[in-house]
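# Examining the three-dimensional arrangement
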Amino acid sequence: MIETLAAPRGEAEVEDLSASELLRALSDRKAVEDRAAADQLDLAARWADLHPPESIHTAAVFSDGGRYGLEHEEPIAGPGCPAVAEFCIAELGTVLGMSSASAKRLVGHALELRHRLPRLWAQVQAGAVPAWRARTVAEATIHATPSLTVEAARWVDTQVAAVAGRVGPAQLERLVAETIKRHHLDTHDPTSDPEDGYLAVDPRHATLHSEDVHYAGTMRFEAELDIADALDLDRALAHGAETLKALGSAAPLDARRSAALGDLARTQTALDLHTQGSTAATGGDGLPVAREVVLHAHFPASLDGLDGLETVFGPTGRMEEGQRLVLLDQVRDWCGDSRTKVTVKPVIDLTAELTSPGYDIPDRIREQVMLRDRTCVFPWCTRPARGCDIDHVFPYDHDADTEGRTQPGPTVSSNLAPECRWHHRLKTHTAWRYEVTGIGIYEWTSPHGHRYRRDRTGTTRISGAADDAAPPGRP
């Protein structure tokens, strides 16, 4: 049951609290947060219930799919969970201020818990297990390889519920592996070990957390290595750190180890190629180029000075992929490396109105649109523009010229926007609509009447749906 939560105290009331009362207030707010997270899972599952595959309208179907295929049912949790109409995810995500991918994950976790992990679901709804713990388990059971049957997932549910969800990542990984072994799900896998089932789950990985960018210009890189590889890497980093110190570096040990890891990435392959007599392009020292820096020059001042940011670390710009900040000093260091290839792209005025006859988008306009908008322009989507379709905001009419009519959707800068394939399909086949209100500024309206503004700074909610809004329709 979803309860109405009490409003928090005002600032004046909080200032008068004693130490004990402050701790009690913090505890109360944590309880409110946990209750809200549990309610959010329940509401997400109910949203999925309202949008089964049967809810997909077919009356307006004019195509059997193709490049921009129509809506289909989406299995977003493990076997035994109901599928949903795929495009319902977008409305839920925008209301919550999250990407469609995150919204899909939320609904998938809710369905997985309710249908395949019912004990854990009940504990979450009773307030005995925080929603985030339960979602960690759901993520593991949804993406287990091979897939867990309903019976196997229920066995995991029993084990986790017995300890009130208190399992760490390593324990959960071993539990899933033991489940696969116990239920004979790995018999078709020639790499599985019949003597020790959990070894069939290979934990090795090397992951760059590209969305977690520090303002000092660093990213987190995490890895799980084979023991021998880990020991060899540790020795190589220790040697590299000592070498840097001997060459005069005054940086702390951890910073020198980090720099040594970067040196390994840039030089090891290059050295191998050099000894093999590679004919690749070389730097001044004869080694193959280890890094290429492509600089895009355009007019930041014409877009309200949103580039050329100033931080406490000095002048910054942006790396195109992932919207990451990059320090000017870092660019200088990259360009100063003797084995760095530097390419300067032509100056592009991001505010110019470029035009082209016909439907096809020439490279110069495509490049301008990608640099102007940076990502998919759907609310809260962060897919880089270079991986997106370039959409005509007002559709191009292929018959307008031959019939002597004015082209309603010309191929001009102001009528083009990058959209990832999923959101392009969403815009094409649902009641989601958007319009251009300025250079690189888009206002979206959802099927339920919620409105959002998307520009280079991100997404802003303009308004919610009116109480008397009409039900969403289809094109």
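What counts and what doesn't
- Residues numbered from 1 in each chain as written.
- Predicted model: local features only at pLDDT ≥ 70, side-chain atom pairs only at ≥ 80, totals over all residues.
- Heavy atoms only, no water.
- Helix = DSSP H or I, 4+ residues; strand = E, 2+ residues; numbered from the N terminus.
- Buried < 20%, exposed > 50% of the residue type's maximum accessible area, 1.4 Å probe, protein only.
- Contact = heavy atoms within 4.5 Å.
- Core = buried A, V, L, I, M, F, W, Y, C linked by side-chain atoms within 4.5 Å.
- 1 Å grid on protein atoms, 1.4 Å probe; cavity = no way out; pocket = protein on both sides within 12 Å on 5 of 7 lines; lining within 4 Å.
- Points joined across faces, edges and corners; volume = space filled by probe spheres on them.
- Nonpolar A, V, L, I, M, F, W, Y, C, P; charged D, E, K, R; others polar.
- Patch = residues over 30% accessible without salt bridge, like charges linked within 9 Å, V, L, I, M, F, W, Y side chains within 5 Å.
- Areas by Shrake-Rupley, 256 points an atom, 1.4 Å probe, with all protein chains shown as cover.
- Salt bridge = Lys/Arg side-chain N within 4 Å of Asp/Glu carboxyl O.
- Phe/Tyr/Trp six-rings, centres within 6.5 Å; stacked < 30°, edge-to-face > 60°.
- Expected span 1.5 Å × (residues − 1).
- Arc of directions from axis to C-beta.
- Pairing = 2+ DSSP bridges.
- Axes fitted to C-alpha atoms, helices over the stretch in contact; angles between N-to-C directions.
- pLDDT = per-residue confidence, 0-100.

This part is about the overall build of the protein chain. Counting its secondary structure elements, the protein chain contains 13 helices and 17 strands. Burial status across the protein chain gives 35% buried among its 475 residues. Within the protein chain, counting contacts between residues at least 6 apart in sequence, those at least 24 apart form 59% of the total.

Below, the discussion takes up the nonpolar core. Across soluble globular proteins, nonpolar side chains show a tendency to be buried alongside one another. In this structure, Leu41, Val107, Leu111, Leu113, Leu120 and Val137 are the most contacted members of the largest nonpolar core, which totals 42 residues. When contributions to this core are tallied by element, the ones reaching two or more residues are α2 (19–50), α3 (88–96), α4 (100–116), α5 (118–125), α6 (131–142), α7 (150–162) and α8 (169–182). Ignoring anything within four residues of it in the chain, the contact list for Leu41 reads Leu106, Ala110, Leu113, Trp121, Val124, Ala131 and Arg135. If you look at the next biggest cluster of nonpolar residues, it comprises 16 residues, including Phe87, Cys381, Leu426 and Tyr452.

Remark: the empty space left among the atoms is shown by a probe the size of a water molecule rolled over them. Evaluated as defined, the whole model comprises one cavity of 30 Å³ or more. If you trace the largest cavity, you find it lined by Asp373, Val377, Gly440, Tyr442, Arg454, Asp455 and Arg456. A breakdown of the residues in the lining of the largest cavity according to their chemical character gives two nonpolar, one polar and four charged.

Where nonpolar side chains cluster on the molecular surface, the patch consists of Leu208, Met219 and Phe221 and spans about 280 Å² of accessible area. When you line up the elements, Phe221 lands in strand β4 (residues 218–224).

Evaluated as defined, the whole model comprises eight aromatic pairs. Taking the centre distance of 6.3 Å and the plane angle of 70° together, the rings of Trp432 and Trp444 count as edge-to-face. Of this pair, Trp432 sits in the loop between α13 (421–429) and β14 (433–438) while Trp444 sits in strand β15 (residues 441–445), and the two are 12 residues apart along the sequence. When its relative accessible area of 1% is taken as the criterion, Trp432 is described as buried. With a relative accessible area of 0%, Trp444 lands in the buried category. Pairwise contacts between aromatic rings join Phe378, Trp432, Tyr434, Tyr442 and Trp444 into one cluster.

This part takes up helix α9 (residues 227–246). If you check α9, its first and last C-alpha atoms are 29 Å apart, about what 20 residues at 1.5 Å a residue would give, namely 28 Å. Residues of α9 that are buried include every one of Leu237, Gly240 and Ala241, and no others. An end-on view of α9 places all buried positions within 100° of arc, on one side of the element. Looking at α9, the residues exposed on the side facing more than 90 degrees away from the buried face are Ile227, His239 and Ala246.

Let us look at the sheet that holds strand β17 (residues 458–463). Within a sheet, each strand pairs with its neighbour through backbone hydrogen bonds, oriented either parallel or antiparallel. Strands sit in the order β14-β15-β16-β17 across an open sheet of four strands; the sheet is antiparallel. Taken across any chain shown, the strands that pair with only one partner, and hence form the sheet edges, are β14 and β17. Between one strand and the next, the sheet's axes are offset by a mean angle of 25°, whatever the strand orientation.

To continue, consider the confidence of the model for the protein chain. Overall, the predicted model of the protein chain reaches an average pLDDT of 80, with 71% of residues at or above 70. Throughout residues 189–200 the model reports pLDDT below 50, and contacts reaching past four residues in sequence, or to other chains, amount to 10 contacts. In the model, residues 299–308 has pLDDT below 50 throughout and makes 20 contacts with residues more than four positions away in sequence or in other chains.

Here the structure, examined in full by the defined rule, presents 18 salt bridges. Asp34 serves as the salt-bridge partner of Lys30, at 2.7 Å between the closest nitrogen and oxygen. With Lys30 and Asp34 both in helix α2, this residue pair falls four residues apart, about one helical turn. Where salt bridges share partners, they join Asp397, Glu403 and Arg405 into one cluster.

Another aspect to go through is the environment of Cys420. Residue placement: Cys420 occurs in the loop between β13 (416–419) and α13. When the C-alpha atoms of Cys420 and Arg383 are compared, they prove to be 6.5 Å apart, with 37 residues separating the residues in sequence. Sequence-distant contacts of Cys420, defined by excluding residues within four places in its chain, comprise Cys376, Cys381, Arg383 and Cys388.

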